[in-house]
Amino acid sequence: MPHVQGRIVTAGRAVGAGILAFAVLVAPRARAEDGYELWLRYRPISDAEVLARYRASISEVVFEASSPMLEAAREELRRGLRGLLDAEIPFVREATREGALVVWSSRPSTLAVSPSLRAQLRWAGAEGFVIRSEPIRGRPAMVIAANTNAGVLYGVFRFLRLLQTHESLQDLSIVEAPRVELRVLNHWDNLDRTVERGYAGFSLWDWHKLPDYLYPRYTDYARANASIGVNGTVLTNVNANATVLTPEYVRKVAALADVFRRWGIRVYLTARFSAPIEIGGLETADPLVPEVATWWKDKAAEIYRVIPDFGGFLVKANSEGQPGPQDYGRSHAEGANMLADAVAPHGGVVMWRAFVYSNEEPEDRAKQAWNEFTPLDGSFRSNVLIQVKNGPIDFQPREPFHPLFGAMPQTPLMMEFQITQEYLGQATHLAFLAPLYEEVLRADTYARGEGSLVSEVIDGTLHDYPRTGMAGVANTGTDRNWCGSVMACANWYAFGRLAWDPDLGSATIADEWLRMTFTSDPNFVEPVKTMMLASREAGVDYRTPLGLHHLMARGHHWGPGPWVSGGPRADWTSVYYHRADAEGIGFDRTRTGSDAVGQYFLPLPERWGRLETVPEKYLLWFHHVPWDHRMASGRTLWEELLHRYQRGVDAVRQMQRTWRSVDGMIDPERHEQVRAFLAIQEKEARWWRDACVLYFQTFSKRPIPDGYEPPAHTLEEYMAIQERPVPGL
Ligand code: BDP
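As the structure is a computational prediction, the values presented were derived from the model and not from experiment.

Caption draft 1: Inspection of the site of the ligand at higher detail. Surveying the vicinity of the ligand reveals 14 residues, the closest of which are Glu196, Lys316, Arg353, Asp394 and Glu422. Glutamate 196 places a polar side-chain atom, nitrogen or oxygen, 2.4 Å from an oxygen atom of the ligand. Here an oxygen atom of the ligand sits 2.6 Å away from a polar atom, N or O, in the side chain of lysine 316. Split by residue class, the shell around the ligand holds four nonpolar, two polar and eight charged.

Structure (structure tokens):
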């Protein structure tokens, strides 16, 4: 039954037919869904049986709140229960009845804590929690317990998720703790509110009105993050602007930090390496010049005076034109350590990015970060983390994992995933990214023999890292639905969940998100989950199948541009990466080519370096392959390429069919947006397919086989499509 109608009928029954007419007029507006509430909608549980069971199990809540964070948690619990149970559950001082939900926060002495609960709490650590069925004064009850306020906050959100996803409350015994310490969003937001690679409107941070005006939205942003365990946010673009470090802007940052603090979120800033010159009046930013180090120490002290829990700095240095220590002949370690010393007395960290590659360097771009950073292993301060993109090029629809993972045992490496869909269709294409994240996290680096997973590098267990972290380049903006598309919010959700537990499976994440965002109706959840799980592979197929990469148009990275060549640097062109010629296609990264494959641990160089054993998904990443090469399917490479491009388009059409089939099961507003966006995606998938196939055909000189959908336009027409203003640059 459509959501809106269901509510009207209820209202009519409850208040009588006279009011029904009124309800019909106003209810659809009041109930209109625009995606703003994300996965925290807290609508009444529609399954009457489940609702009745929950109401019977939760008779009252005991929750003493003695700090802003606990108050935030208590209000969230109140809001969640009120919405989900459609009832006012009393919040009381003492448990008096069967079915109390006791949040053990400030007064543990009121509880007789059992030894097993105590043991679970020890395991839960600083941010974890325990949720269990536990008799209180001999009466059946439930307890949310934690060692810290943050643990309570996360426990409350976990409890609400139990209800949101209709899990049983019988014999509860949940113990959870995050596996990764720093779970941070990276906002590529500029001070003028444009967002680099942002496709959801403008930046959430209204610098002009800060610190005096605080949008309620800042709180909702923090709530959403806390609900998935995100505990840090880097407010500014990695292509940094030193202005944010001036006293005026630091006060603005402090105002945001004050809002976020009670939700367990610390703020971080990007540090422009040349700031001592730009805003400090110094003549150099050389990290080994004492005045420079002193300037940064003073700057850090100034920030910490107004933001005592400031997280630290994220730095993009000597990359794509950004200033850095190499401008003065110093290493990344010398630069990072100087900043690390500035924040260390205050407990801050430096997240130093490994996304470096140089135009002057004739070396394969995929190899450069490994070449620069592995010699520095062990030479960074203990409060430095090296932030590494998931793959060695740049957030492509598919890349093998970055060879640095596993290769720096003495330096904490943190993961950088991209949540915003720079190369995956931006706001309008449906690409659920949990399968991409999962594929990387579950990859075996073989750094310490078989079973040395990337996830174990990231959670610190493989090398016993003292610090761990995962960053996600945010996709949020001022659009009412936060992420530019309702479905793209699933990627924000997935990032948080995987940063909390890198072993979570994509299907579990999709399942949770769908139930909380839309409905628990299996007739909706099951097909849409299948659709989401297939969506990333579809995007790979219609853009860059078989290990192809970096085929996008110049600049905006949205449409196809396999013909892109020339310009300021070779590694910003497509021809550098696909290397198509009369013989074949692909980048030879084998031992006889660039030998990028040699940066991986054995047996990967052998497995990926041989045509017979390389997985087809990485074929053209590592090999230049003849057009007539026989693939596992029996097709030639040329035929297989076409087959994959077509398969991608077909998969989008299948997504459209699936979405049509669930019409009426959710609100019309969000259904319509996804429907319209899928139509855009289908059109653009054909554009990608046809442009790429026609272009590669000029090299392969082979026909387009029968049964293959003929391209709608000529290659010249596709190539003539001019750049036009697009968001996100
Ligand atoms: C690329 C983006 C560019 C970023 C850069 C980075 O196109 O806008 O500045 O990465 O991560 O993906 O620094």
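Caption draft 2: Spotlight on the pairing of strand β5 (residues 141-145). In terms of residue burial, β5 counts as a mostly covered element, since five of its five residues are buried. Along β5, one buried face is formed by Ala141, Val143 and Ala145 and the opposite face, lined by Met142 and Ile144, is buried too. Two strands pair when backbone bridges link them, and strand β3 (residues 100-104) and β5 are joined in this way by five bridges, in the parallel orientation. Looking across to β5, one finds that tryptophan 104 is bridged to alanine 145.

Caption draft 3: Expanded view of the sheet that holds strand β9 (residues 266-270). One closed barrel accounts for eight strands, arranged β7-β8-β9-β10-β11-β12-β13-β14; its pairing is parallel. Neighbouring strand axes in the sheet, compared pairwise and without regard to direction, differ in orientation by 25 degrees on average.

Caption draft 4: Examining the confidence of the model for the protein chain more closely. Averaged over all residues, the pLDDT of the protein chain equals 94, while 95% of them reach at least 70. This stretch, residues 1-30, has a pLDDT under 50; its non-local contacts, to residues over four places away or in other chains, come to 23 contacts.

Caption draft 5: Spatial organisation of the nonpolar core. With 230 residues, the main nonpolar core has Trp39, Phe159, Phe260, Trp296, Trp352, Trp492 and Phe696 as its most contacted residues. Considering every element that reaches this core, the biggest residue donor is helix α22 (residues 668-700), with eleven residues. If we skip the residues at most four places from it in the chain, tryptophan 296 touches Leu245, Ala271, Arg272, Phe273, Ala275, Pro276, Phe313, Met338, Leu339 and Ala342. Ranked by size, the runner-up nonpolar core spans 13 residues in total, among them Ala95, Ala100, Val102 and Leu117.

Caption draft 6: Quick peek at the sheet that holds strand β2 (residues 91-92). Taking strand neighbours across the sheet as the criterion, the six strands line up as β2-β1-β3-β5-β4-β6 in an open arrangement whose pairing is mixed. At either margin of the open sheet sits one strand with a lone partner, and together these are β2 and β6 (173-176). In this fold helix α4 (residues 68-85) packs onto β1 (60-63), β2 and β3, with an angle of close to 170 degrees to the strand it touches most, β1.

Caption draft 7: Examining the environment of phenylalanine 696 more closely. With respect to the element layout, phenylalanine 696 can be found in helix α22. Through-space distance from the C-alpha of phenylalanine 696 to that of histidine 208 is 49 Å; in sequence the pair is 488 residues apart. Among residues more than four places away in sequence, those in contact with phenylalanine 696 are Leu548, Leu551, Pro562, His578, Ala580, Ile585, Trp627, Trp638, Leu641 and Tyr645.

Caption draft 8: The packing of aromatic side chains, seen in detail. What the rule picks out here adds up to 40 aromatic pairs. Residues tyrosine 154 and tryptophan 500 carry aromatic rings whose centres are separated by 5.1 Å and whose planes lie at 75 degrees to one another, so their mutual orientation is edge-to-face. Taken together, the residues tyrosine 154 in helix α6 (residues 149-164) and tryptophan 500 in helix α15 (residues 489-500) connect sequence positions 346 residues apart. Judged by relative accessible area, tryptophan 500 falls into the buried class, the value being 5%. For the cation-ring pair, arginine 78 lies above phenylalanine 91, with the distance from its terminal atom to the ring centre recorded as 4.3 Å. The ring of tyrosine 36 is capped by arginine 480, whose NZ or CZ atom sits 4.0 Å from the centre of that ring.

Caption draft 9: Focus on helix α7 (residues 216-227). Here α7 spans 17 Å end to end across twelve residues, near enough to the 16 Å set by a 1.5 Å rise per residue. Among the residues of α7, Arg217, Tyr218, Asp220, Tyr221, Ala222, Arg223, Ala224, Asn225, Ala226 and Ser227 are the ones counted as buried. Phi turns positive one or two residues past the end of α7, at glycine 229, with a value near 90 degrees.

Caption draft 10: Just the environment of aspartate 571, in detail. Tracing the sequence through the fold places aspartate 571 in the loop between α17 (522-543) and α18 (575-578). Aspartate 571 sits 207 residues away from aspartate 364 along the chain, and the two C-alpha atoms are 8.6 Å apart. If we skip the residues at most four places from it in the chain, aspartate 571 touches Tyr357, Ser358, Asn359, Arg365, His550, Tyr576 and Tyr577.

Caption draft 11: Looking closely at the pattern of salt bridges. One pass over the full model with this rule turns up 58 salt bridges. One salt bridge in this structure joins glutamate 33 and arginine 43, with 3.4 Å as the shortest N-O distance. In this pair, glutamate 33 is assigned in the loop between α2 (17-31) and α3 (48-57) and arginine 43 in the loop between α2 and α3, connecting sequence segments ten residues apart. No difference in accessibility class separates glutamate 33 from arginine 43, as the two residues are buried. The closest approach of N and O atoms between arginine 43 and glutamate 37, which form a salt bridge, is 3.0 Å. Exposure remark for arginine 43: the relative accessible area of 15% places this residue in the buried category. By relative accessible area, which is 34% here, glutamate 37 ends up partly exposed. Through salt bridges with shared partners, a single network forms among Asp650, Arg653, Glu682, Arg686, Arg689, Asp690 and Glu709.

About the cut-offs
Residues numbered from 1 in each chain as written. Predicted model: local features only at pLDDT ≥ 70, side-chain atom pairs only at ≥ 80, totals over all residues. Heavy atoms only, no water. Near = heavy atom within 4 Å. Polar contact = N/O pair within 3.5 Å; in protein donor to acceptor, adjacent residues only side chain to side chain. Nonpolar A, V, L, I, M, F, W, Y, C, P; charged D, E, K, R; others polar. Buried < 20%, exposed > 50% of the residue type's maximum accessible area, 1.4 Å probe, protein only. Helix = DSSP H or I, 4+ residues; strand = E, 2+ residues; numbered from the N terminus. Pairing = 2+ DSSP bridges. Axes fitted to C-alpha atoms, helices over the stretch in contact; angles between N-to-C directions. pLDDT = per-residue confidence, 0-100. Contact = heavy atoms within 4.5 Å. Core = buried A, V, L, I, M, F, W, Y, C linked by side-chain atoms within 4.5 Å. Phe/Tyr/Trp six-rings, centres within 6.5 Å; stacked < 30°, edge-to-face > 60°. Lys NZ or Arg CZ within 6 Å of the ring centre and 35° of its normal. Expected span 1.5 Å × (residues − 1). Salt bridge = Lys/Arg side-chain N within 4 Å of Asp/Glu carboxyl O.

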